[in-house]
Amino acid sequence: MKNREVAELFEKVANMLAIRGDSIHRILAYRRAAESISELGRDINQVYAAGELTDLPGIGQTLADKIEEMLTTGKLEFFERLAQEIPPSLVELLRVEGLGPKRVKQIYDELGVTTIEGLTAVAREGKLQNLPGLGKKSETKLITAIEALQKHGDGRTPLGDAWPVAQRILGELAQLEGVVKTAVAGSLRRMRETIGDVDLLVAADQSAPIMDYFVAMPDVESVSGHGPTKSSVVLHSGLQVDLRVLPADRWGTLLSYFTGSQAHNVKLRELALKKGLSLNEHAFTPSDGSPEILCASEEDVYTTLGLPYIIPTMREDRGEIEAAMAGNLPRVVQLGDIRSDLHMHTTWSDGKMSVLEMAQAAQARGLNAIAITDHSVSLGIANGLSVERLWQQAEEIAAAQAAMGADFRILHGTEMEIRADGELDFPDEVLAKLDFVIASLHVSLSQPQEQVTNRALNALWNPHVDMLAHPTGRLLPDRPGADLDMDVVLETAVITNTILEINANPSRLDLRDSHVRRAVELGVKLAINCDAHHVSHFDLLHYGIATAQRGWATAENVVNTWPLEKLLAFLREKN
Ligand code: DGT
Ligand code: CA
Ligand code: CA
Ligand code: ZN
């Protein structure tokens, strides 16, 4: 079996366990394992052969045994047994908005429905409305939700598509009378690279006028819920948006609960229980009958639990709660820490602005240095520079440097192609004269793992190469990028002291969060760059910062937070 097949089977088991009503811990364990394997940069069969399965995050001995069984027999006995009880096709029903595992179980038990087609049929025949807890209204909503699913699918939306839409809607809601606070929540606030649905929160005393405005917005295609505390809509783009409205004195618990992740919340609730408190979106409720504790801020929620504040991007139950309890939660890199941007393009290749315009825009955003890194000759499609044009460009850079003055530094660099055969686009004597050398994989990304990994390694071993940009070359949501052996790439980057990029463009986010985490553990140097082709792209930086935070990177790990002198000294030492 391949990585994807193992991950999918675990994900399916997690969902079947949820439908069966199993313990949340068991469900989350399978889900975590599925995630861990799908993020793995190596062949799971190799990890197994090396006896290293239990080194993977979220894989203990029990799950390692199950993986071994799958890899050696192609089957999982536990799944087969579970399937006797819970038909695997029921998992499909969870894709329908508004259908949770309990409801799916009920519809299966009472009506024998196992597929979406079966569900549509019983809904149209009016058989759902007679089930306990369901009515005519929920039946109609389910039919709408099935239609939305069939029309738009349920693929996850890239972060960079969902974020601006959420900000615009929140901006509109913030204008309404009586609105005290607004926030995004859910995976969007945690800045996951893809978003299932958008969760918005509003604090206000009166919810009705806000809900009425929300469901009537012009970009709403259909309304799948319209209630006093929660409404849900599907936009014409297919994006689903949930809105919750609650009074401001409960804001802290509301925001904390709906930010998730679910696994993080489960741990918070367990901590609360140990203190004799039950925690939900409304309040902490003491078990001894004393009055509930309201939290107006998230800080209050963490303080009540005896914890320091944990930022949303770290709330994935990847050890952050344990680290917070032990007092060694890292201070991860912040937007304000960034002092330079080391990867951008101008009209010399496929950028839209001049060197001076890029420098001025960067300075206006508070940076004190940039590297101009246009494409190299073999990337003809992006008007890559020949050696001759590269030296002509040096003159424009010198002129722009003179215009900017001593407070701002423009480095002359290149984003050099690693060709399909692994050769670098410029000879060493050219690279030696540049201030900053990026190597990139843009072509032949679908080569077999060993071949494409060797190309990356060839660049890392070149002493003039300072940074490997967007290492895998993936494009969200559909182009997976090169099948790099990430462990080898990261280990080589440590040995050669080469920077790996966290490309902030939301269609890249490459390195991705889990690779950043591994890089930080190994001591790889990182840089967070916008790969700007236009001055407006400098505003994408926050996506890269969030990805770095999700990988627990500190400012020290990220070279473009360093003072300019320290950065230049590092680059000089590197050739
Ligand atoms: P998504 O939408 O799939 O990208 O992921 P989330 O994390 O945004 O999940 P979503 O939209 O289902 O719910 C938003 C947050 O609300 C979630 O992170 C935690 C909280 N939440 C929602 N439903 C439940 C639940 O049934 N149990 C728990 N513990 N938390 C929930
Ligand atoms: Ca969500
Ligand atoms: Ca939601
Ligand atoms: Zn670039």
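Before going into details, it helps to say that this report is about the structure given with it. Note that the coordinates shown come from a computational prediction; the quantities given were computed from them, not determined experimentally.

1. Some points on the site of ligand 1
Taken together, 16 residues sit near ligand 1, with Arg-156, Ser-187, Arg-190, Gly-196 and Asp-197 positioned nearest. For ligand 1, an oxygen atom lies 2.8 Å from a polar atom in the side chain of Asp-197. Contact with the protein chains covers 69% of the free accessible surface of ligand 1, which is 600 Å². Residue assignment for the shell around ligand 1 shows that the elements contributing at least two residues are α10 (186–189), α12 (251–259) and α13 (262–274). Classifying every residue of the shell around ligand 1 gives 3 nonpolar, 8 polar and 5 charged. Counting contributing residues per domain, the shell around ligand 1 is built from domain 2 (157–246) and domain 3 (259–323), each supplying no fewer than three.

2. So, the pairing of strand β5 (residues 220–226)
The pairing of β5 with strand β6 (residues 230–235) spans 5 bridges and is antiparallel. What sits directly across from Ser-222, in β6, is Val-234. Taking the residues between adjacent antiparallel strands as the criterion, β5 and β6 are bridged by 3 residues.

3. Here we look at the packing of helix α2 (residues 24–38) against α13
Interhelical geometry of α2 versus α13 gives an angle of 145 degrees and a closest axis separation of 11 Å. Crossing of α2 over α13 shows left-handed handedness. For the pair α2 and α13, contact is made by Ile-24, His-25, Leu-28 and Arg-32 and by Gln-262, Ala-263, Val-266 and Glu-270, respectively. Tallied by class, the residues present in the contact of α2 with α13 amount to 4 nonpolar, 2 polar and 2 charged.

4. Quick word on the environment of Asp-212
Mapped onto the fold, Asp-212 is located in helix α11 (residues 208–215). A relative accessible area of 42% places Asp-212 in the partly exposed class. Measuring from C-alpha to C-alpha, the distance between Asp-212 and Glu-85 comes to 43 Å, with 127 residues separating the pair along the chain.

5. Things to note about the packing of aromatic side chains
Evaluation of the coordinates by the stated rule reveals 5 aromatic pairs. Centroid distance Tyr-302 to Tyr-309: 5.8 Å. Interplanar angle 85 degrees. Geometry classified as edge-to-face. On the accessibility criterion, Tyr-302 (0% relative accessible area) is buried. Note on Tyr-309: relative accessible area 29%, which makes it partly exposed. Between the aromatic rings of Trp-562 and Phe-570, the centroid separation amounts to 5.7 Å while the plane-to-plane angle is 85 degrees, which identifies the pairing as edge-to-face. A single burial state applies to Trp-562 and to Phe-570, both of which are buried.

About the criteria used
Residues numbered from 1 in each chain as written. Chains lettered and ligands numbered in written order. Predicted model: local features only at pLDDT ≥ 70, side-chain atom pairs only at ≥ 80, totals over all residues. Heavy atoms only, no water. Near = heavy atom within 4 Å. Polar contact = N/O pair within 3.5 Å; in protein donor to acceptor, adjacent residues only side chain to side chain. Areas by Shrake-Rupley, 256 points an atom, 1.4 Å probe, with all protein chains shown as cover. Helix = DSSP H or I, 4+ residues; strand = E, 2+ residues; numbered from the N terminus. Nonpolar A, V, L, I, M, F, W, Y, C, P; charged D, E, K, R; others polar. Domains from an automatic or database assignment. Pairing = 2+ DSSP bridges. Axes fitted to C-alpha atoms, helices over the stretch in contact; angles between N-to-C directions. Left-handed = near helix turned anticlockwise from the far one by under 90°. Contact = heavy atoms within 4.5 Å. Buried < 20%, exposed > 50% of the residue type's maximum accessible area, 1.4 Å probe, protein only. Phe/Tyr/Trp six-rings, centres within 6.5 Å; stacked < 30°, edge-to-face > 60°.

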